[in-house]
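The residues making up each chain are set out below.
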Amino acid sequence: MFPEEQISVTPSRAAIVLSGHVTTEDIAKRAGELASAYSKNVVNVLTFGPVGSQEVLLEVKFAEVDRTAITQLGVNFFSTGAGNTIGTVTTGQYGGFGSQNITQTPGQSQPVSTTQTVSNVLNMFLFRPDIHFGAVIEALQTKNLLQILAEPNLVAVNGKKASFLAGGQFPFPIVQPGAGFTAVTIAFKEFGVKLEFTPVIMPNGNIHLTVAPEVSALDFADALTISGFTVPALSTRKAETEFELQDGQSFVIAGLIDNRVTDVWNKVPGLGDIPILGTFFKSKNLQKSNSELMVLCTVHKISPNSVAPPGPTNPQPFINNQKFDEKKPSGK
């Protein structure tokens, strides 16, 4: 019934003794039930579990594609004041960096200089000095594409768990109330690209895998402040699954998509509600982000080898120093 298992059957007075080692607990129970058909007294001392003489190599590739698109559209009106009045009025639709110096026409007895902030150098800047009125038109589009790769190779003993982490740890406080005082201790939480897997080689030669990939990042937008400490939140995408593969086969975990759309509208109260003309007193900021995580894994059965593998070869320099420093003989 179990030709590949190490089971010894010996009689002991009026009982049957089962000893040895089997792969799983289910096989040990089935062997005991089979022996009970021949004797009412069965002593089952079979041990079970994976044998640590074999190892499993897991080749992992993490691929995260993050697409971001930003669209900004709006007009910022401002006035530097008419006549000899020093003052400015602006809708303030966009803030930013950089400055634009504006001076009144030379016909005024006392020229007045004001400074206006331009949010982006790609904006269109218009100004009428005779009526002291200007506008900044913003119509920008930004597209970003970010791809993050991690390719760890992990070797685990049959039945033992292996883990991988490419990231770090961030501290966060833990408040522990006591008798008349409050103590604050610091703990650390892991974040980044993380993988845990446990391989088990089955009797039929297949590899049973328990895989748990996880990708997390610090999220300061949802951070929490406690007693002066800022504790960031974690934006996490993870999965955990079990399956069985043959030696050399691969599997892919995909569909871990994070799709976010942020649409912000700003307008001048009253003027922005006017039909058609109110469009000139509104600004729009649309941001779309779409990121997808894919995990590709390939398993191989390997055996321990006492022979050390060859080391990497030394790189050859592009310029040969001996030939480069060699002096050429004089003459033709």
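Residues numbered from 1 in each chain as written. Predicted model: local features only at pLDDT ≥ 70, side-chain atom pairs only at ≥ 80, totals over all residues. Heavy atoms only, no water.

Novice: Go over the overall build of the protein, please, and point to the residues and values.
Specialist: Each helix and strand in the protein was counted, giving two helices and 18 strands. Among the 332 residues that make up the protein, the fraction classed as buried is 27%. Accessible surface for the protein amounts to roughly 22,300 Å². Of this, 55% is attributable to carbon and sulfur atoms. (Helix = DSSP H or I, 4+ residues; strand = E, 2+ residues; numbered from the N terminus. Buried < 20%, exposed > 50% of the residue type's maximum accessible area, 1.4 Å probe, protein only. Areas by Shrake-Rupley, 256 points an atom, 1.4 Å probe, with all protein chains shown as cover.)

Novice: Describe the nonpolar core, listing the residues and the values that go with them.
Specialist: Ranked by internal contacts, the top residues of the largest apolar core, which has 25 residues, are Leu58, Phe62, Phe197, Leu209 and Phe251. Contributing elements (two or more residues each) for this core: strand S5 (55-79), strand S11 (153-157), strand S13 (182-201), strand S14 (207-226), strand S16 (241-245), strand S17 (250-267) and strand S18 (282-302). Counting nine residues, the second-largest nonpolar core is a separate cluster that includes Ile16, Ala28, Ala35 and Leu46. (Core = buried A, V, L, I, M, F, W, Y, C linked by side-chain atoms within 4.5 Å.)

Novice: If you had to explain the environment of alanine 217 to someone new, which residues and values would you point to?
Specialist: With respect to the helices and strands, alanine 217 occurs in strand S14. Distance from alanine 217 to leucine 234, taken between C-alpha atoms, is 5.7 Å for residues 17 residues apart in sequence. Setting aside residues up to four positions removed in sequence, alanine 217 forms contacts with Ala233, Leu234 and Ser235. (Contact = heavy atoms within 4.5 Å.)

Novice: I'd like a description of a nonpolar patch on the surface, backed by residues and values.
Specialist: A contiguous nonpolar surface patch, about 610 Å² in accessible area, is contributed by Val175, Val184, Ile186, Phe188, Leu224, Ile226 and Phe229. When contributions to the nonpolar patch are tallied by element, the ones reaching two or more residues are S13 and S14. Looking at where phenylalanine 188 falls in the secondary structure, it is placed in strand S13. (Patch = residues over 30% accessible without salt bridge, like charges linked within 9 Å, V, L, I, M, F, W, Y side chains within 5 Å. Salt bridge = Lys/Arg side-chain N within 4 Å of Asp/Glu carboxyl O.)

Novice: Account for the pattern of salt bridges, with residues named and values stated.
Specialist: Applying the stated criterion across every chain, the model contains four salt bridges. As a salt-bridge pair, glutamate 190 and lysine 194 come within 3.4 Å of each other at their nearest N and O atoms. A relative accessible area of 33% means that glutamate 190 is categorised as partly exposed. For lysine 194, a relative accessible area of 22% corresponds to the partly exposed category. The partner of aspartate 273 in a salt bridge is lysine 267, with the nearest N and O atoms 2.4 Å apart. For lysine 267, a relative accessible area of 44% translates into the label partly exposed. Where salt bridges share partners, they join Glu190, Lys194 and Glu196 into one cluster.

Novice: Provide a residue-level description of unusual backbone geometry, including the pertinent values.
Specialist: A positive phi angle, close to 60°, is found at arginine 13, a residue other than glycine. Relative to the helices and strands, arginine 13 is located in the loop between strand S1 (6-12) and strand S2 (15-22).

Novice: Lay out helix H1 (residues 25-35) in plain terms, naming residues and giving numbers.
Specialist: All of the buried residues along H1 are Ile27, Ala28, Ala31, Gly32 and Ala35. The arc that holds the buried residues of H1, viewed along the axis, is 140°, so those residues lie on one side. Seen from the open side of H1, the exposed residues pointing more than 90 degrees away from its buried face are Lys29 and Glu33. Among the structural elements, S1, S2 and strand S3 (42-44) are those in contact with the buried residues of H1. (Arc of directions from axis to C-beta.)

Novice: Got a sec to walk through the pairing of S13? Specific residues and values, please.
Specialist: Note on strand geometry: in a regular strand, side chains alternate between the two faces of the sheet. Alignment of strand S12 (residues 162-177) against S13, held across 16 bridges, turns out to be antiparallel. The residue of S13 that forms the bridge with leucine 165 is lysine 194. Of the strand pairs in this sheet, S13 and S14 are connected by nine bridges, and their pairing is antiparallel. Within S14, the position partnered with lysine 194 by the bridge is glutamate 214. (Pairing = 2+ DSSP bridges.)

Novice: Account for the side chain of asparagine 206, with residues named and values stated.
Specialist: As for its position among the elements, asparagine 206 is in the loop between S13 and S14. Using a relative accessible area of 18% as the deciding quantity, one classes asparagine 206 as buried. A polar atom in the side chain of asparagine 206 sits 3.0 Å from the side chain of glutamate 244. With residues near it in sequence (within four places) discarded, asparagine 206 still touches Val200, Ile201, Glu244, Leu245 and Gln246. (Polar contact = N/O pair within 3.5 Å; in protein donor to acceptor, adjacent residues only side chain to side chain.)

Novice: Describe the environment of lysine 267, and please don't skip the residues or the numbers.
Specialist: Secondary-structure assignment places lysine 267 in strand S17. A polar contact of 2.4 Å, which involves the side chain of lysine 267, links it to the side chain of aspartate 273.

Novice: Which residues make up the side chain of glutamate 5, and what are the values?
Specialist: Structurally, glutamate 5 is set in the segment before S1. Beyond its immediate sequence surroundings of up to four residues, glutamate 5 is in contact with His21, Val22, Thr23, Ile27 and Pro203.

Novice: Could you give an account of the environment of cysteine 297, with specific residues and numbers?
Specialist: For cysteine 297, the location among the structural elements is in strand S18. Separated by 144 residues in the primary sequence, cysteine 297 and asparagine 153 have C-alpha atoms spaced 9.5 Å apart. Apart from residues lying up to four places away in sequence, cysteine 297 is in contact with Leu58, Glu59, Val60, Gln249, Ser250 and Phe251.

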